[in-house]
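Chain residues, written in single-letter form:
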Amino acid sequence: MLDNLPRGTICIEDIEMGMTRYLRKQVTDRDIELFAEVSTDHNPVHLDDAYAQDTIFEGRIAHGMLTAGLVSAVIGEQLPGHGTIYMGQSLKFLAPVRPGDMVYAEVKVIDIDIAKRRVKLDCHCSVEGKKVLIGEATVLAPSRKFD
């Protein structure tokens with residue numbers, strides 16, 4: 001994975017509007033197989049080449065939630081990072097992600113409520129510049145007051 005900043009924590013007191021963090025990850029066959037195992041979602045559109053050829057996707061695709069998990073990785077590792085608690089997430093899937101695709105996942109701060117330690121983030125994933133997922137997340141950010 002390629003990150004733009006080191007992993008760690010950005011406390012609510014240091015978060016600013018417009019802050020952005022991202023990662024890039026190539027989705028592999030192994031990632032898809034492991035996600036199927038962990039999630040118990042063995043839909044053949046993800047795992048069976050012959051089956052997937054006869055779908056609207058004309059080939060295998062990664063689980064949508066695997067792609068969404070990359071957004072979670074940015075939130076949990078970078079912005080706000082370690083200690084962050086998810087409160088909500090909206091997602092819209094715009095296009096499939098295929099084995100071998102390099103996914104760019106980015107989050108951007110669009111609202112901050114310091115008193116409640118809440119941060120709203122615009123989230124998206126793209127492949128070769130084309131958005132494949134969009135959404136918003138609301139998280140509870142860590143605070144130095146509780147360290």
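Everything below is about the structure shown above.
Colleague: Can you walk me through the overall build of the protein chain in this structure?
Modeller: Looking only at helices and strands, the protein chain has four helices and six strands in total. If you list the helices and strands of the protein chain from N to C, you get β-β-α-α-α-α-β-β-β-β. On the protein chain, roughly 8,100 Å² of surface is accessible, and the fraction owed to carbon and sulfur atoms is 51%. Counting 17 positive and 22 negative side-chain charges, the protein chain places the averaged centre of each group 7 Å from the other.

Colleague: Explain the pattern of salt bridges here, please?
Modeller: For side chains bearing opposite charge, pairing can occur when the charged atoms are close. A complete count under the given rule lists four salt bridges for this structure. Lys25 is paired through a salt bridge with Asp31; the nearest N and O atoms lie 2.6 Å apart. Using a relative accessible area of 18% as the deciding quantity, one classes Asp31 as buried. Here Asp29 makes a salt bridge to Arg60, at a shortest N to O gap of 2.4 Å. Of this pair, Asp29 sits in helix α1 (residues 29-39) while Arg60 sits in the loop between α3 (49-53) and α4 (64-77), and the two are 31 residues apart along the sequence. Because the salt bridges share partners, they merge into one network encompassing Asp29, Asp49 and Arg60.

Colleague: Looking at this structure, how should I read the nonpolar core?
Modeller: Note on soluble globular proteins: their nonpolar side chains tend to be buried together. Membership of the largest hydrophobic core comes to 31 residues, with the highest contact counts inside it found for Ile15, Ile75, Val107, Val119 and Leu121. Contributing elements (two or more residues each) for this core: α4, β4 (102-113), β5 (118-127) and β6 (130-140). When residues of this core are assigned to their parent elements, the largest contribution, six residues, is made by α4. The residues touching Val119, leaving out its near neighbours within four places in the chain, are Ile12, Ile15, Val109, Asp111, Ala137, Thr138, Val139 and Ala141.

Colleague: Would you mind showing me how to read the environment of Arg118 here?
Modeller: Structurally, Arg118 is set in strand β5. The partly exposed category is assigned to Arg118, whose relative accessible area is 32%. Distance from Arg118 to Thr84, taken between C-alpha atoms, is 9.9 Å for residues 34 residues apart in sequence. Those residues in contact with Arg118 that lie beyond four places of it in its chain are Ile12, Met87, Asp111, Ile112, Asp113, Thr138 and Val139.

Colleague: Is there a simple way to explain α4 in this structure?
Modeller: In an α-helix, one full turn covers 3.6 residues, which means residues spaced three or four apart are oriented alike. The terminal C-alpha atoms of α4 lie 20 Å apart, and with 14 residues this matches the ideal 20 Å at 1.5 Å per residue to within 8%. Leu66, Thr67, Ala68, Leu70, Val71, Val74 and Ile75 are the residues of α4 that are buried. Against the buried residues of α4 lie β2 (20-26), α1, β3 (85-93), β4, β5 and β6.

Colleague: Got a minute to help me understand the side chain of Thr55 in this structure?
Modeller: Position of Thr55 among the secondary structure elements: in the loop between α3 and α4. There is a polar contact of 2.7 Å between the side chain of Thr55 and the backbone oxygen of Ala52.

What counts as what
- Position labels on residues start from 1 in each chain and follow its written sequence.
- Only residues with pLDDT of 70 or above have their local features reported here, since the model is predicted, and side-chain atom pairs are shown and tallied only from 80 upward, although totals for entire chains, interfaces and linings are computed over all residues.
- Side-chain figures throughout are based on the complete set of non-hydrogen atoms in the structure, without hydrogens or water.
- Helix and strand labels come from DSSP, where a helix needs a run of H or I of at least four residues and a strand needs a run of E of at least two; each type is numbered from the N terminus.
- Surface accessibility in these figures is a Shrake-Rupley result with a 1.4 Å probe; residues are shielded only by whichever protein chains are displayed.
- Under the convention used here, Asp and Glu are negative, Lys and Arg are positive, and both His and the chain ends fall outside the count.
- In plain terms, the charge of a residue is placed at NZ if it is Lys, CZ if Arg, CG if Asp and CD if Glu.
- One speaks of a salt bridge when a side-chain nitrogen belonging to Lys or Arg is within 4 Å of a carboxyl oxygen belonging to Asp or Glu.
- Residue exposure (1.4 Å probe, protein chains only): buried if accessible area is under 20% of the type maximum, exposed if over 50%, otherwise partly exposed.
- Joining through side-chain atoms within 4.5 Å is the link that ties buried Ala, Val, Leu, Ile, Met, Phe, Trp, Tyr and Cys residues into a set, and such a set is a nonpolar core.
- By definition, residues are in contact when any of their heavy atoms lie within 4.5 Å.
- Under the convention used throughout, the expected extent of a helix is 1.5 Å for every residue step, that is, one less than its residue count.
- Any pair of N or O atoms that falls within 3.5 Å is considered a polar contact. Within protein, one atom must be able to donate a hydrogen and the other to accept it, and sequence-neighbouring residues count only if both atoms are side-chain atoms.

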